[in-house]
Amino acid sequence: MTGTSQSTIARLEDLVGRMTLAEKVGQLNLLQPHRFTDLEEKIRNGQVGGVFGVLNPADIERYQRVARHESRLGIPLLVGNDVIHGYRTVFPIPLAEACTWDPGLLEQAAQVAAREAAANGTDWIFAPMVDICREPRWGRVAEGAGEDPYLGSVIAAARVRGFQSIEGIAACPKHYVAYGAVEAGRDYNSVDVSERALRDVYLPPFKAAFDAGAETVMSSFNDIAGVAATINHFTLRTILREEWGWPGVVVSDYTAIAELIEHGVAADLRDAARLSLLAGVDMDMQSEAYDRHLVALVSEGAVPLDLVDEAVRRVLRLKFQLGLFERERLDQGRAESALLTEEAREVALRVAHESLVLLKNDGDALPLTPNARVALVGELADSRKDMLGCWSHTGRAEDAETILDGLSARLGSRLEYVASEVTAAVAAARTADAVVSVVGETADLSGEAHCRAHLGLPGQQAALLEALAETGKPLVVVLATGRPLAIPRVVEQATALVLAWHPGIRAGRAVADVLFGDVNPSGRLAITFPRTEGQIPIYYAHKSTGRPAEGQGTLQFDVPFRSTYLDEPNAPLFPFGFGLSYTRFAYSDLEIESPITDRVVACANVRNVGGRAATEVAQLYVRDLVASITRPVRELKAFERITLQPGESRQVRFDVPVASLGFTGLDMRYQVEPGEFRLWIGSDSASGLEGSFRI
Ligand code: GLC
């Protein structure tokens, strides 16, 4: 949204000038209706600035009518909603979407979601979730874009552009900040990261979202190095307002202000309200702390009135910019007709296609032949609700195609399905040419407050796979999951392994298209897959340490005095950026033009050396070899999706700003240090053509 016009400022100032203190505080109160039987009365009294989690457009209309026509000043409500990966057209979970490495497509998907949400009365989307996460035990890893700040920033900006391309919609990147670093992967747990890690890993996706125009942000539940995010002057004022000059609205997460009491940093709700407003939280989601205590706090001089006015101006400016004062009544007909259009379903199919990651394909077991006899095994193959993933409360299970639907449409009587009974599954396998087994997690094993300490296959799925593997038939495993799983045994057993995540309403068609080769998989991992929980946190952009596992430099001692385990390799099950195709790509002719000005230009040739057209995601990584701060052994700095016909080769050319090669230095300021860099161009974070350059 553009800057605030003079006329808007005049209208806003006139309004503020007519508001009582109680009405100002009312604008800072955000409530979820089902918890408040007296909500309409509160709205009529001017005690409510916004509502959220209202799914019925008629209810939204009713609340807006009370606000516009029955309150003294007629200030309309903000209407927020968690539109995390689609509204009624449910896309793959965001972690799956990140594996597309296709920001243009994700921008389109966000636009589809925003269009559906806007038509149904939402004007504030509590997304994108941009928390960088290296913790697959954490249930909310499903909602984000994975482990990497660069990929996470590109995707955050794309989603914000997509959401806010729809008139009258404000995005809300969340959760500010470092919520994805919860200790032990346990939700709401402590986060103890350095300022440098904040600035170099966790803050960049928020800065990218704000640079893309995000008008609001949601502060997080967690503490950050001992200071709760909800009352954190450093993140909420120093970074957000002073360093970045960002003018938008800060909303607390659900009852996070009240939770300051549990954190042990507020004596009571009054104290929590005071500390939060002073720190810079503009709107209080659901805790009623501002509604109950701010008027008295201002009257007693514990909170300056001008800080309340500052927060009120931000909220009203947003309402003017969203056009809420002029908004026509919701067109109920449009609300329904905007949902699940053919165009939206096609976008959902494309995202599902591109989010699937081929992790193994021994002997080119895939694609399946069109006339194959297939035994399909696994309860997840016939589940609609689990295809929707963990955050789809505006979606409907009946909209989802199951993987069984998709394969049945292809194979008809040549498909035999067995849910979970081992004897029947083995019998079906014996008469089939190939077995497709869908295993993994139900959708309720990921998402908020749904964390797992064990990352294997839940229930009896492992035993089922053992029995199927013993039949000796080609075993295609389709992994439906909301997080990376530690499944080395499954990788051994599978002839082919396709990571489907929770792929949304088009799951059935998308999986079938990939299994039968109509679509050549192009997904690449946006997050590392561990071999075991004991390796976590495990991520590609790790530091070298003084005793790296691989012999480097002038080490004066022998193994085992290196940074390794006695009982597990350091290497992950699958590295960040990894994904196979039904063809193969060959990289050659790496060229690096020494930085002439402020750019490093690197090129390489990519050839499709197989027999099928395919899309590769060429990735560029760098390493700063000697710096004043220890630097990651690799950092993603650019990528490009290229589609190549069989035999075709093309040069990928990356133009990397030197300014992007820096880090937070000893003085906590961003800097680029001269010196030698390694550079790789390749298919993932563990391979590629290697070169070097100096800046
Ligand atoms: C939840 C989540 C947040 C969501 C909010 C409103 O607890 O932490 O992501 O937007 O409450 O539903």
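Residues numbered from 1 in each chain as written. Predicted model: local features only at pLDDT ≥ 70, side-chain atom pairs only at ≥ 80, totals over all residues. Heavy atoms only, no water.

1. A look at the side chain of D148
Tracing the chain through its elements places D148 in the loop between β4 (124–125) and α7 (149–164). The charged side chain of D148 is buried without a salt bridge, its nearest counter-charge being R134 at 5.5 Å. Polar side-chain contacts of D148 include one of 3.0 Å to the backbone nitrogen of Y150. Excluding its chain neighbours within four sequence positions, the residues that come into contact with D148 are I132, Y540, F576 and L636. (Helix = DSSP H or I, 4+ residues; strand = E, 2+ residues; numbered from the N terminus. Buried < 20%, exposed > 50% of the residue type's maximum accessible area, 1.4 Å probe, protein only. Lys, Arg positive; Asp, Glu negative; His and termini not counted. Salt bridge = Lys/Arg side-chain N within 4 Å of Asp/Glu carboxyl O. Polar contact = N/O pair within 3.5 Å; in protein donor to acceptor, adjacent residues only side chain to side chain. Contact = heavy atoms within 4.5 Å.)

2. Description of the domain arrangement of the protein chain
The assigned domain composition of the protein chain is domain 1 (349–515) and domain 2 (533–694). Each partner contributes residues to the interface: domain 1 has 21 residues there, and domain 2 has twelve residues. Between domain 1 and domain 2 lies a buried interface of about 1200 Å² when both sides are counted; carbon and sulfur atoms form 63% of it. Summed over the shared surface of domain 1 and domain 2, the number is two salt bridges. Where D364 meets R584, a salt bridge forms, and the shortest distance between an N and an O atom there is 3.2 Å. (Domains from an automatic or database assignment. Buried area = accessible area lost by both parts, 1.4 Å probe.)

3. Details of the packing of helix α1 (residues 6–18) against helix α14 (residues 305–321)
Interaxial distance between α1 and α14 falls to 10 Å at its minimum, and their mutual angle equals 130 degrees. Our classification of the angle between α1 and α14 gives oblique. Every pair of crossing elements has a handedness; the one defined by α1 and α14 is right-handed. For the pair α1 and α14, the contacting residues are T8, R11, L12, E13, L15 and V16 in the first and R313, L316, R317 and F320 in the second. Tallied by class, residues from the contact of α1 with α14 come to five nonpolar, one polar and four charged. (Axes fitted to C-alpha atoms, helices over the stretch in contact; angles between N-to-C directions. Parallel < 35°, antiparallel > 145°, perpendicular 65-115°, else oblique. Left-handed = near helix turned anticlockwise from the far one by under 90°. Nonpolar A, V, L, I, M, F, W, Y, C, P; charged D, E, K, R; others polar.)

4. Focus: the packing of aromatic side chains
Any aromatic ring pair is given by two values, namely how distant the centres are and how the planes are angled relative to each other. Under the defined criterion, the tally for this structure stands at 19 aromatic pairs. For the ring pair Y540 and F576, a centre distance of 4.6 Å and an interplane angle of 15 degrees mean the geometry is stacked. Of this pair, Y540 sits in the loop between α21 (507–515) and β18 (585–593) while F576 is found in the loop between α21 and β18, placing the two residues 36 residues apart along the sequence. The exposure classification of Y540 matches that of F576, with both residues buried. Following the ring pairs from residue to residue traces out a cluster consisting of W101, Y150, Y540, F576, Y621 and F639. The positively charged end of R62 is found above the aromatic ring belonging to Y63, 5.0 Å away from the centroid. A cation over a ring is seen here: R134 above Y539, with NZ or CZ 4.1 Å from the ring centre. (Phe/Tyr/Trp six-rings, centres within 6.5 Å; stacked < 30°, edge-to-face > 60°. Lys NZ or Arg CZ within 6 Å of the ring centre and 35° of its normal.)

5. Points about the sheet that holds strand β22 (residues 649–657)
Read from one edge of the open sheet, three strands run β18-β19-β22, paired in antiparallel fashion. If you trace the sheet from one side to the other, it starts and ends with β18 and β22, each paired once. With strand direction ignored, the average angle separating the axes of adjacent strands in the sheet is 20 degrees. With nine bridges joining them, strand β19 (residues 599–608) and β22 adopt antiparallel strand pairing. Pairing of N605 across the sheet is with Q651, part of β22. (Pairing = 2+ DSSP bridges.)

6. Focus: empty space enclosed by the protein
Here the structure, examined in full by the defined rule, presents four cavities of 30 Å³ or more. By volume, the largest cavity is sized at about 70 Å³. What lines the largest cavity is simply V83, I84, H85, G86, F91, E97, L106, A109, A110, A113, R159 and F163. Every element with two or more residues in the lining of the largest cavity is listed here: α6 (103–119) and α7. Take the lining of the largest cavity: its biggest share by element is four residues, from α6. Looking at side-chain class alone, the lining of the largest cavity contains eight nonpolar, two polar and two charged residues. Of the pockets and cavities examined, the second largest cavity occupies roughly 50 Å³. (1 Å grid on protein atoms, 1.4 Å probe; cavity = no way out; pocket = protein on both sides within 12 Å on 5 of 7 lines; lining within 4 Å. Points joined across faces, edges and corners; volume = space filled by probe spheres on them.)

7. Observations concerning the environment of R134
By the element assignment, R134 lies in the loop between β4 and α7. Using a relative accessible area of 11% as the deciding quantity, one classes R134 as buried. Separated by 14 residues in the primary sequence, R134 and D148 place their C-alpha atoms 8.7 Å from one another. Those residues within four positions of R134 in sequence are excluded, and the remaining contacts are E147, P149, G180, V201, I536, P537, I538, Y539 and A541. Looking at R134, its side chain comes within polar contact range of the main-chain oxygen of E147, at 3.2 Å.

8. A word on the nonpolar core
By size, the foremost hydrophobic cluster in this structure holds 194 residues, and its most contacted members are W501 and L515. Taken domain by domain, this core gets at least three of its residues from each of domain 1 (349–515) and domain 2 (533–694). V622, F654, V656 and F693 belong to the second largest nonpolar core, which has 22 residues in total. (Core = buried A, V, L, I, M, F, W, Y, C linked by side-chain atoms within 4.5 Å.)

9. Points about the state of the cysteines
A complete count under the given rule lists zero disulfides for this structure. For C390, which is in no disulfide, the shortest distance to another cysteine sulfur is to C451 and amounts to 11 Å. Note on C451: no disulfide assigned, nearest cysteine sulfur contributed by C133 at a separation of 9.4 Å. (Disulfide = S-S within 2.5 Å.)

10. Topic: the layout of surface pockets
Each pocket or cavity is described by its volume, and for the largest pocket that value is around 1200 Å³. Secondary-structure elements contributing two or more residues to the lining of the largest pocket are α7, α8 (195–202), α9 (204–211), α10 (233–243), β21 (635–644), β22 and β23 (663–664). The element contributing the most residues to the lining of the largest pocket is α8, with six residues. Computed from the structure, the second largest pocket encloses a volume of approximately 830 Å³. Lining the second largest pocket are 27 residues; nearest its centre among them are Y539, H542, E550, N570 and V633. Per-class residue counts for the lining of the second largest pocket are 13 nonpolar, ten polar and four charged.

11. Side note on the site of the ligand
Every residue close to the ligand is listed here: F52, D82, F126, R140, K174, H175, M218, F221, D253, Y254, M285 and E448. A distance of 2.9 Å separates an oxygen atom of the ligand from a polar side-chain atom of K174. One of the side-chain N or O atoms of E448 is found 3.0 Å from an oxygen atom in the ligand. Within the complex, 93% of the 310 Å² of free accessible area of the ligand lies under protein. (Near = heavy atom within 4 Å. Areas by Shrake-Rupley, 256 points an atom, 1.4 Å probe, with all protein chains shown as cover.)

12. Observations regarding the pattern of salt bridges
What the rule picks out here adds up to 56 salt bridges. For R483, the salt bridge is made with E441, and the minimal N-O distance between the two is 2.6 Å. Taken as a pair, R483 in the loop between β16 (475–480) and α20 (488–493) and E441 in the loop between β15 (434–440) and α19 (461–470) lie far apart in primary sequence, 42 residues in all. Residues R483 and E441 agree in their burial class; the two are buried.

13. As for the packing of helix α12 (residues 269–279) against helix α13 (residues 289–299)
Relative orientation of the contacting elements α12 and α13 amounts to 80 degrees, with a least axis distance of 9 Å. On the basis of their axis angle, the class for α12 and α13 is roughly perpendicular. Facing L269, R270, A273, R274, S276 and L277 of α12, the residues of α13 in contact are A289, Y290, R292, H293, L294 and L297. For the contact of α12 with α13, a count of residues per class yields seven nonpolar, two polar and three charged.

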